[in-house]
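Residue-level listing of the chains:
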Amino acid sequence: MHKATFLALGLMTAMPTGLAAQPSFDCDDARTATERTICTSPGLAELEQRMVGVYGQLVDRIGEAEARRIADIQLERRQACEGDAACIERQLLTSIGIFRAEGQAAIAAEGGNDEVLNDLRAALGREDTAPAVAPPENGQDEDETSRAEERARGIAEGFARLPEYRRRNVQGRLRDAGLLSGPVDGVWGPGSAAAVEALLSTARESGRNFPVQRPEGADALYRFIDSDPFYYEYIPADAR
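Residues numbered from 1 in each chain as written. Predicted model: local features only at pLDDT ≥ 70, side-chain atom pairs only at ≥ 80, totals over all residues. Heavy atoms only, no water.

1. Quick look at the overall build of the protein chain
Each helix and strand in the protein chain was counted, giving ten helices and zero strands. Reading the secondary structure of the protein chain in the N-to-C direction produces α-α-α-α-α-α-α-α-α-α. Of the contacts formed within the protein chain by residues at least 6 apart in sequence, a portion of 62% connects residues at least 24 apart. (Helix = DSSP H or I, 4+ residues; strand = E, 2+ residues; numbered from the N terminus. Contact = heavy atoms within 4.5 Å.)

2. Describing the side chain of R167
Topologically, R167 is positioned in helix α7 (residues 164-176). Buried charge R167 goes without a salt bridge, the closest partner of opposite sign being E164 at 5.5 Å. With near-sequence residues (within four places) excluded, R167 lies in contact with F159, A160, L162 and G186. (Buried < 20%, exposed > 50% of the residue type's maximum accessible area, 1.4 Å probe, protein only. Lys, Arg positive; Asp, Glu negative; His and termini not counted. Salt bridge = Lys/Arg side-chain N within 4 Å of Asp/Glu carboxyl O.)

3. Examining the environment of R173
On the secondary structure map, R173 appears in helix α7. C-alpha of R173 to C-alpha of Q91: the two residues are 82 residues apart in sequence and 9.8 Å apart in space.

4. Topic: the pattern of salt bridges
Following the criterion strictly, the structure yields eleven salt bridges and no others. Ionic pairing is found between E89 and R168, a salt bridge with its closest N-O pair at 2.7 Å. Taken together, the residues span a long stretch of sequence, with E89 in helix α4 (residues 85-111) and R168 in helix α7 at a distance of 79 residues. Among the ionic contacts, a cluster of salt bridges with common partners joins E89, E164 and R168.

5. Structural notes on the state of the cysteines
A full pass over the atoms with the stated rule returns two disulfides. Put simply, C81 and C87 are joined by a disulfide, and their sulfur atoms are 2.0 Å apart. Between C81 and C87, the disulfide has an S-S torsion of -65° and is therefore left-handed. You can call C87 buried: its relative accessible area is 6%. In the protein chain, the bonded cysteines, taken in the order they occur along the sequence, pair up as 1-2, 3-4. (Disulfide = S-S within 2.5 Å.)

6. Re the packing of aromatic side chains
A full pass over the atoms with the stated rule returns eight aromatic pairs. Through a chain of ring-to-ring contacts, the aromatic side chains of F210, F224, F230 and Y234 assemble into a single cluster. The residue whose ring lies beneath R50 is Y165, and the NZ or CZ to ring-centre distance is 5.2 Å. (Phe/Tyr/Trp six-rings, centres within 6.5 Å; stacked < 30°, edge-to-face > 60°. Lys NZ or Arg CZ within 6 Å of the ring centre and 35° of its normal.)

7. Details of unusual backbone geometry
Despite not being glycine, E82 shows a phi value in the positive range, around 55°. Take E82: it is sitting in the loop between α3 (64-79) and α4.

8. Quick notes on the environment of P163
With respect to the helices, strands and loops of the structure, P163 is situated in the loop between α6 (144-161) and α7. The class for P163 is partly exposed, based on a relative accessible area of 35%. As a C-alpha pair, P163 and G186 span 23 residues in sequence and 9.0 Å in three-dimensional space.

9. Regarding helix α8 (residues 190-205)
Note: α-helices contain 3.6 residues per turn, so residues at a spacing of three or four share the same orientation. Between its first and last C-alpha, α8 extends 23 Å over 16 residues, near the 22 Å set by a 1.5 Å rise per residue. Among the residues of α8, those classed as buried are S192, A195, V196, L199, L200 and A203. Taken around the axis of α8, the buried residues stretch over an arc of 140°, which confines them to a single face. Exposed residues pointing more than 90 degrees away from the buried face of α8 are listed as P190 and E205. (Expected span 1.5 Å × (residues − 1). Arc of directions from axis to C-beta.)

No statement about biological role is implied by the geometric values presented.
Written as structure tokens, this is what we have:
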């Protein structure tokens, strides 16, 4: 079992495995509203344990110092939720997504897969590469309706590939950004489709182009929604 310390995360050693739905820290020592809320919610406690497990994998990939730097940012946001259970859930899910994406980027770098690495860097907002751009179609003038249909199919299929917790996290972030007015239920519908289309439009204006007609482009889009650049660029301060 991974035994990395979690000083930057503000986490203690794991509780005995016989206790169900306990967070990784001792609830008797819970000091903040966020920690106390996690302790009173079995669902949040289980999610926090999952986050700690993914963090341990990240430490194995990139080292504890760099992993702590990333985790510190997520901890600050989580503590800012105070006792808001929905906010805490979103931040735990976001942390899981970011830890996994950073770990995948490290794997891609080790394997020398430049295409995958560039895609992940774009989703994480790294400055040393540009987001993937759809290649020209050999001068072919595609019909606008056909392109719209391909785009709609690509974002719907990309959403369907996400695990359920990430689908809800994507919707939650789109709602916080003011792009989604529908429910955060992990179900694709007209509201989610309109929100993603609106995001694609604004992203193009800022120089981010995601070729969502291709699976890798749609996957990069949803990783971008999980990323720090999306958080700071699209979500108002009072919704963080």
